[in-house]
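# Chain and residue survey
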Protein chains: 4
Amino acid sequence: MQTPFDTVILNADVATASDRYRADIGIRGGCIAAIGAGIGPGRETIDARGRLVTPGGVDAHCHLDQPMGDGSRMADDFITGTRSAACGGTTTVIPFAAQSRGQSLQAAVDDYHRRADGKAAIDYAFHLIVADPTPSVLREELPRLVAEGCSSFKVYMTYDDLKLNDRQVLDLLAVARREGAMVMVHAENADCIAWLTEQMLDAGLTAPRYHAHARPMLVEREATHRAIALAELADVPILIVHVSGREAVEQIRQAQGMGLKVYGETCPQYLFLTAEHLEQEGFEGAKCICSPPPRDRANQEVIWRGLDNGTFQLLSSDHAPFAFAGPHGKQAHGGDASFDRIPNGIPGLETRMPLLMSHGVMDGRIDIHQFVALTATNAARIYGLFPRKGTLAIGSDADLVIWDLGQPRTIRNEQLHHAVDYTPYEGIEVKAWPAVTLSRGVVVWQDGRYLGREGHGQFLRCDRPAPAQ
Amino acid sequence: MQTPFDTVILNADVATASDRYRADIGIRGGCIAAIGAGIGPGRETIDARGRLVTPGGVDAHCHLDQPMGDGSRMADDFITGTRSAACGGTTTVIPFAAQSRGQSLQAAVDDYHRRADGKAAIDYAFHLIVADPTPSVLREELPRLVAEGCSSFKVYMTYDDLKLNDRQVLDLLAVARREGAMVMVHAENADCIAWLTEQMLDAGLTAPRYHAHARPMLVEREATHRAIALAELADVPILIVHVSGREAVEQIRQAQGMGLKVYGETCPQYLFLTAEHLEQEGFEGAKCICSPPPRDRANQEVIWRGLDNGTFQLLSSDHAPFAFAGPHGKQAHGGDASFDRIPNGIPGLETRMPLLMSHGVMDGRIDIHQFVALTATNAARIYGLFPRKGTLAIGSDADLVIWDLGQPRTIRNEQLHHAVDYTPYEGIEVKAWPAVTLSRGVVVWQDGRYLGREGHGQFLRCDRPAPAQ
Amino acid sequence: MQTPFDTVILNADVATASDRYRADIGIRGGCIAAIGAGIGPGRETIDARGRLVTPGGVDAHCHLDQPMGDGSRMADDFITGTRSAACGGTTTVIPFAAQSRGQSLQAAVDDYHRRADGKAAIDYAFHLIVADPTPSVLREELPRLVAEGCSSFKVYMTYDDLKLNDRQVLDLLAVARREGAMVMVHAENADCIAWLTEQMLDAGLTAPRYHAHARPMLVEREATHRAIALAELADVPILIVHVSGREAVEQIRQAQGMGLKVYGETCPQYLFLTAEHLEQEGFEGAKCICSPPPRDRANQEVIWRGLDNGTFQLLSSDHAPFAFAGPHGKQAHGGDASFDRIPNGIPGLETRMPLLMSHGVMDGRIDIHQFVALTATNAARIYGLFPRKGTLAIGSDADLVIWDLGQPRTIRNEQLHHAVDYTPYEGIEVKAWPAVTLSRGVVVWQDGRYLGREGHGQFLRCDRPAPAQ
Amino acid sequence: MQTPFDTVILNADVATASDRYRADIGIRGGCIAAIGAGIGPGRETIDARGRLVTPGGVDAHCHLDQPMGDGSRMADDFITGTRSAACGGTTTVIPFAAQSRGQSLQAAVDDYHRRADGKAAIDYAFHLIVADPTPSVLREELPRLVAEGCSSFKVYMTYDDLKLNDRQVLDLLAVARREGAMVMVHAENADCIAWLTEQMLDAGLTAPRYHAHARPMLVEREATHRAIALAELADVPILIVHVSGREAVEQIRQAQGMGLKVYGETCPQYLFLTAEHLEQEGFEGAKCICSPPPRDRANQEVIWRGLDNGTFQLLSSDHAPFAFAGPHGKQAHGGDASFDRIPNGIPGLETRMPLLMSHGVMDGRIDIHQFVALTATNAARIYGLFPRKGTLAIGSDADLVIWDLGQPRTIRNEQLHHAVDYTPYEGIEVKAWPAVTLSRGVVVWQDGRYLGREGHGQFLRCDRPAPAQ
Ligand SMILES: [Zn+2]
Ligand SMILES: [Zn+2]
Ligand SMILES: [Zn+2]
Ligand SMILES: [Zn+2]
Ligand SMILES: [Zn+2]
Ligand SMILES: [Zn+2]
Ligand SMILES: [Zn+2]
Ligand SMILES: [Zn+2]
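As a starting point, this report considers the structure included with it. (Residues numbered from 1 in each chain as written. Chains lettered and ligands numbered in written order. Predicted model: local features only at pLDDT ≥ 70, side-chain atom pairs only at ≥ 80, totals over all residues. Heavy atoms only, no water.)

### Section: the interface of chain D and chain A
The interface is formed by 25 residues belonging to chain D together with 25 residues belonging to chain A. For the pair chain D and chain A, the two sides together bury roughly 2,300 Å², of which 62% comes from carbon and sulfur. For the pair chain D and chain A, the number of links is six salt bridges. The shortest N-O distance in the salt bridge between E198(D) and R167(A) comes to 2.6 Å. Elements with a contribution of two residues or more to the side of chain D that touches chain A: α4 (166-179), α5 (190-202) and α7 (217-234) of chain D. In the side of chain D that touches chain A, the residues fall into twelve nonpolar, four polar and nine charged. (Contact = heavy atoms within 4.5 Å. Buried area = accessible area lost by both parts, 1.4 Å probe. Salt bridge = Lys/Arg side-chain N within 4 Å of Asp/Glu carboxyl O. Helix = DSSP H or I, 4+ residues; strand = E, 2+ residues; numbered from the N terminus. Nonpolar A, V, L, I, M, F, W, Y, C, P; charged D, E, K, R; others polar.)

Okay, here's the thing in structure tokens:
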């Protein structure tokens, strides 16, 4: 007979990506040690009272304290970002260590470790952003960093300071193939956007709404097709991030149908926002500027469908936190900046899981197993954190959420825990919210109170992702 | 502290549709009561020695002791059929209670219960085959039978004694919608087959190989498109059974892409056989006559791809056991019967899981989680047996397989446990075979010995399937 | 030097399916004998004054004096029908000799000749409708009739008194293949329509508008897919008539892309009407009841696009003339008949060419060569009347239209020449109308006056169509 | 009565893109003045003896005396090139005035006029190649050149000295839209080719065959998708030149189905050659190096199908004449140059029409009207030369071919009239060859003798193409 558990969660209605059952959960050393009926005593006990318990979320796409090149500054660092995540049921985040041109990748990673060290309330890993794939990056830094636990990198096909040309993307894909890493692609055609932007600015069309006009669906479709073709050529899996609508979905499904390992991620903004949100009075529309931009209701339906039929593996937040007020956020270039000079991105770490639980599961669009897969399990698997993260199973970290499904509430920014002064989801009703969040067996959120501790969160070395082997 | 477990499986390398972990498994009352490290003593202990443990298979499409109208007789009844299943790692079978025209559906079910009672070594449920959808069948029998646990019915678009016209299919789909049942469709165009068959017989082309010529891919594609259209019209899910190749796959994927609830099943014969197997000398080809017929290697690849990319939810055997020799099987109409007078079907209950584990998982075409989903979890879910069957989770039946992955072997019919005198997979190498199979906690197969008992298997009442609600 | 021409058309702006040029046209013996600049004198001269001259229309799908089985009677016979056609620029019609069940096909043709003899003002050929494909029809009558000039037959997949099952369609396709005939298919799934109709009538939904609800797009898509599959199996061209919208267009384009000889026809009702036309007050909607029903604006756009991109070869009227008032037409079963008891069909012979010239060519959706191909040349070619009909070339019949493109007018039924008491296009503006129509060199319509003569029109024996050889 | 014709062609079996008839053709002033039966005397008479007469070919894609940047030199100038064209039935060529970087476009055109002046035996127009779209090119030169008769420009997505990036392509498309010009696109992804080439050279794979490996189908598919997307964005027609296989065809058909004005051209090399032709012994494979490379038989079938079903509008030669022997052609960089240093292109001006007549029309893959459209009419129309060129109609130039369809022959380079020392079609049988070719009424080829005259051919100012208005 073993010693008692550190903590036992009693009477949980457990849901994983494949299972649903009633049980007690025994936690020891921050991990799940036993699951069953009456498994024995714990030093601490949390009575789940029959409530739904799911794996803690893995938000595989978010930006925290990422250095900006344009004078703007992100509102959330690792303290406020992970706090907000925990309060929304997310127990792992994977933000980006972003190389700037001329910088070594290792330097970017070192810098990013310094930004994270001792601050995070939940565990975190790093994706790499490769903006300058020099020979030494390709031949030395990437292999070493992959081996050391940064096994995924994001490639940009747009943004002047980040974009790579096709040749550079191919070089990175070749490294990914050799090293067994996963490549994420931001798929928008830079030249098309520049051409459209110039036309609009020439015509005096500078309001926030024109951001959406400068990045129409075909700009994303084209880049998606191209990214898939490059990956097919390099014979390596890729993941298309933040897919916004039908035309890109069709490209991805077509590739999946041909047997290519093409993964898809979408985000709440493509389910809950439309381009009309950019058309608000004055500068208000800037709050919803992100890339790709939200589309329309018909495209929202296609995205929902893609969550249900397996086109998408991930629902991430793409949390990119810029304050609306003040000199560092959306108005970094003034309160009447033209749309192309407004920092891109919206916050969403805390609202991601409640929105999907409420409007996805409880409204009958997806089932609870899909919810778990989309918010946790698949991300862990695709980025080499499985089975440590992303599920509730013996030996996994005791990262979990006990849900309160009974109390409808309205999303209000004042009740969120990020450092951003707005949420684009203000006013949306949800019927679900985490009652309790545990990170490695420790309660970080309970009954509306944040109980997390700076430094509790640890850096996670990612294995080489299974799909990339 | 509870009483000891009935059985504890030590040191299992557990794989489910979503998880993979090392643990002991505690079984009590035929169910899984606890999973964890060192969970406590059991009255009996099975040391898995770190071997892979998966949920026992659910073979959701097999034919056992089904009355035939043409003078043929199935070689396997519930005794030999479930024995064979158990030895191959399958712990649940769902054969068909088949109505004949003029017969009440209840009578068919009653008759089928008599055939099963006291004979099965593993648990079983019934699908219904509706060949005569009279008003009383539609309005009284089906609703009652669904309520009583027969919540799925198969519809035939071909075979003279079973086929329904589009109107009858719609009527059944409407019942399925109202009652929350699942409709399975055998999709081949009867008129096309009859027209081609007549042309071949007229031309003196009677050998077994012409079976495949009389049922080309387009005959299946057309019926698949039509079945999907009927289901779309009736606004109800359907499942296309035994899909054989690309053109049908494309129809299904297209429908899934449009958001329709169209499920797909395929079978080992479409992965391991081709039409060339029907071209063997003399009457040998009859051994591989089944409908739809096996296609070619390019179509096999498409089927493998469909298992991997989520087009298919199920891999079933479509076990339809006819002896090659003797007066009741393939030669029921003589040893030189024309292809249209040879009983359709091939055996496959016992080989299904080893073939997929070996050539799917171990050869790297699918992962272990897909294996579990395709052979067990999805079937349980789609047919209303989840979570009792199809997974390893607290409260589920202790149906499981401990795998021997170390000893390559060659499939030989003499080593199988069905009552059929051949296997179409004779000579194929496999690298995996069940070492131990448990049915509700009871060992039914161990180290090459069948330990099952007639009557251990129980009839399972199926719930209304979740996807049909 | 030859004798003078019978007639010379001076100064024509000639447009054919491929050419556009200024010339005089010399007519001799009812045929075009010479085209050129200053080709010499004619006994009669028509000065085209530089106006557009096109081949006379070939309306390859219209119903005239066709015996009905339900007590209704067509308003137009060969006198009024061909009169109306001539006034709208059509110089050849191909109505249907329709077999009724139990009748020999020859008897149907004989009867139809009696109905046409001595009445037509323009030339005509016959399609056959085969409603009862008995062995003698298949083996004797069809081969003989094809040889004698009835080389196309229409097959119905719906309508209780006409519909054939798949096997019968295959038998007819096989005859078509052997004899080199063209098969036209009315593609709607009869069982689906019957099932929906019953549901609507059961629910008391009997108004004309429910006609459209009982025949949704998928009913047409399914039958289109099936018809194409049958033709693919029989290895023979087919033509899908009266295509109404996107889903059917996609099936046809897909087949064309695969290299199948699948032709498509559409009609003005799918360009100018929508299902809303069936929703008019009271029984008015009955005026627009035809099958398939008009769809919506998005589908209209798809149909326009299909005219432009080559998906469709034909624009026909599907003129099916039933009076709105009186006991023989739309109200044959009463002024409040349920939608399923209202004769199907709308008039359109006279308006077909002006509508397409005006809204197609002059509005820039198609060019003048496409207009000629769609209204004349392709029909002649597909039905074995080329090069006698359908073009302006040496040796062709002098069937032509001199257009008045200068005077906008509003379509009013009172100005049309059919015997129907309404037109569904009432009130639509057109910018084009025939100024002069010639049939075999004889003026039949000029400056608003009908100059045709009963009996001038001759029966045309159709050759075996080139695409079917 | 007019004066006699200059020439009368008696008893012609005339075929145009839409018509087929027997007639005499009267020519006056180099143009067709009359067509008819017994139209009157001519000063000269050519008895066609009932032989097939078609419009002379318009080869809309060929390279003659085009300055090369790599030390190679084209074997054909305007003398030998137009001679060869005439002998093969082509009466109009449209080669390319190619700008080099740093050069003004006007200078390129001026230079090209000097190369053509007084040399051509048949008429010619110029496409522009824009390799350096400077502001003055975009704003001044192109508008002026379009107005002066160079209304089409080719854009390269590959080749280091010619390729434009997406932004530059968009700028050119915008000019095309404003000026009503047609843009032709060479669609291959330069970065992919460079990446693959480097890999092959690194691996020592330098033989001619690796040219095909460095330019796989997906490289063309990707660029085709991208080009279409750019044209869709700029809202302007484009024409994809030299399409080689299925994946590109699918992109084009998809776009056409969506209603985009996307035109397609293919070439004989994609019908008659495969990648195996590059695998010949030693350096022989260099003879068939062109871009995109020939594919395989399955792709050939798709190309044939695309000619038949309307996907392609043009069959051009892409004649790019490099001698195999000598220091200026294929061996400009040595007889063992690596594949990336071998001049790209193959000759084909003279064989284009006989190959298509023989293997297309006479073998039943396309009909004679499609032949005329593909080889003459469509090119004239798409590039603003219609109706002067591309058809046989009143007022058109008397450019025509009288065919000899009776004498099979084998293509031998020694019998061709270009200045290249090989033909890739050596040894292919053809059943058709021009008996007589007329250019503006003047015989330039008759009974195996070249009768053309340097300087007879005139520069043609192209109108703004109708499809681009
Ligand atoms: Zn991004
Ligand atoms: Zn992002
Ligand atoms: Zn079946
Ligand atoms: Zn079966
Ligand atoms: Zn019809
Ligand atoms: Zn009709
Ligand atoms: Zn090119
Ligand atoms: Zn070229």
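### Remarks on the interface of chain C and chain D
The interface of chain C with chain D comprises 37 residues on the first partner and 37 residues on the second. Summing both sides of the interface, chain C and chain D together bury roughly 2,600 Å²; the carbon and sulfur share of this comes to 47%. Looking at the side of chain C facing chain D, the largest losses of area belong to S18(C), R253(C) and I394(C), adding up to 20% of the total buried there. At the surface where chain C touches chain D, the tally comes to two salt bridges.

### Re the relation of the copies chain D and chain A
Superposition record for chain D on chain A: RMSD 0.0 Å, screw rotation 180 degrees, translation along axis 0.0 Å. What the superposition gives is, in effect, a two-fold axis relating one chain to the other. Most of the interface of chain D is mirrored in chain A, where 100% of its interface residues are also at the interface. (Least-squares fit on C-alpha atoms with pLDDT ≥ 70 in both.)

### What about the arrangement of the chains?
Separated throughout, chain A and chain C approach each other most closely at a C-alpha pair spaced 14 Å apart. There is a clear gap between chain B and chain D: no contact, and 14 Å between their nearest C-alpha atoms.

### Quick notes on the sheet that holds strand β13 (residues 238-240) of chain D
All names here are of chain D. Within the open sheet, the seven strands sit side by side as β8-β10-β11-β12-β13-β14-β15. Their pairing is parallel. Edge positions in the sheet fall to β8 (96-98) and β15 (314-315), since each has one partner strand and no second. Bridging between strand β10 (residues 127-129) and strand β11 (residues 152-156) involves two bridges; their strand directions are parallel. For I129, the partnering residue across the bridge sits in β11 and is K154. (Pairing = 2+ DSSP bridges.)

### Re the coordination of the zinc ion (ligand 3)
Residues and elements named next belong to chain B. The zinc ion (ligand 3) binds to the protein through K154 (NZ), H186 (ND1) and H242 (NE2); the donor distances cover 2.1 to 2.3 Å. Spacing between the donor residues of the zinc ion (ligand 3) along their common chain follows K-x31-H-x55-H. A gap of 3.6 Å separates the zinc ion (ligand 3) and the zinc ion (ligand 4). Note that H186 is positioned in strand β12 (residues 182-186) and H242 in the loop between β13 (238-240) and α8 (246-257), a separation of 56 residues in sequence. We classify H186 as buried; its relative accessible area is 1%. (Donors = N, O, S within 2.8 Å, 3.2 Å for Na, K, Ca; no water. Buried < 20%, exposed > 50% of the residue type's maximum accessible area, 1.4 Å probe, protein only.)

### Observations concerning the relation of the copies chain C and chain D
Expressed as a screw transformation, the operator carrying chain C onto chain D has a rotation angle of 180 degrees and an axial translation of 0.0 Å, and the superposed copies differ by an RMSD of 0.0 Å. A high fraction, 100%, of the interface residues of chain C reappear at the interface in chain D, so the copies pair face to face through one surface.

### A closer look at the coordination of the zinc ion (ligand 8)
All names here are of chain D. Taken together, H61 (NE2), H63 (NE2) and D318 (OD) make up the full set of protein donors to the zinc ion (ligand 8), lying 2.1 to 2.2 Å away. All donors of the zinc ion (ligand 8) come from a single chain, and their spacing in sequence reads H-x1-H-x254-D. Separating the zinc ion (ligand 8) from the zinc ion (ligand 7) is a distance of 3.6 Å. No difference in accessibility class separates H61 from H63, as the two residues are buried.

### Thoughts on the packing of α4(D) against α7(D)
All names here are of chain D. Their axes nearest at 9 Å, the elements α4 and α7 cross at an angle of 45 degrees. The orientation of α4 with respect to α7, classified from their angle, is oblique. Crossing of α4 over α7 shows right-handed handedness. Contacts between α4 and α7 involve D166, V169, L170, L173 and R177 from the former and R226, L230, A231, L233 and A234 from the latter. A class-by-class count of the residues in the contact of α4 with α7 yields seven nonpolar, no polar and three charged. (Axes fitted to C-alpha atoms, helices over the stretch in contact; angles between N-to-C directions. Parallel < 35°, antiparallel > 145°, perpendicular 65-115°, else oblique. Left-handed = near helix turned anticlockwise from the far one by under 90°.)

### Details of the sheet that holds strand β7 (residues 90-93) of chain C
Residues and elements named next belong to chain C. With parallel pairing, the three strands of this open sheet are ordered in space as β6-β7-β9. Taken across any chain shown, the strands that pair with only one partner, and hence form the sheet edges, are β6 (57-59) and β9 (123-124). Bridge count between β7 and β9: two bridges; the pairing is parallel. Residue pairing in the sheet places T92 in a bridge with D123 of β9. In this fold helix α11 (residues 352-362) packs onto β6 and β7, with an angle of close to 120 degrees to the strand it touches most, β6.

On their own, these measurements won't tell you what the molecule is for.
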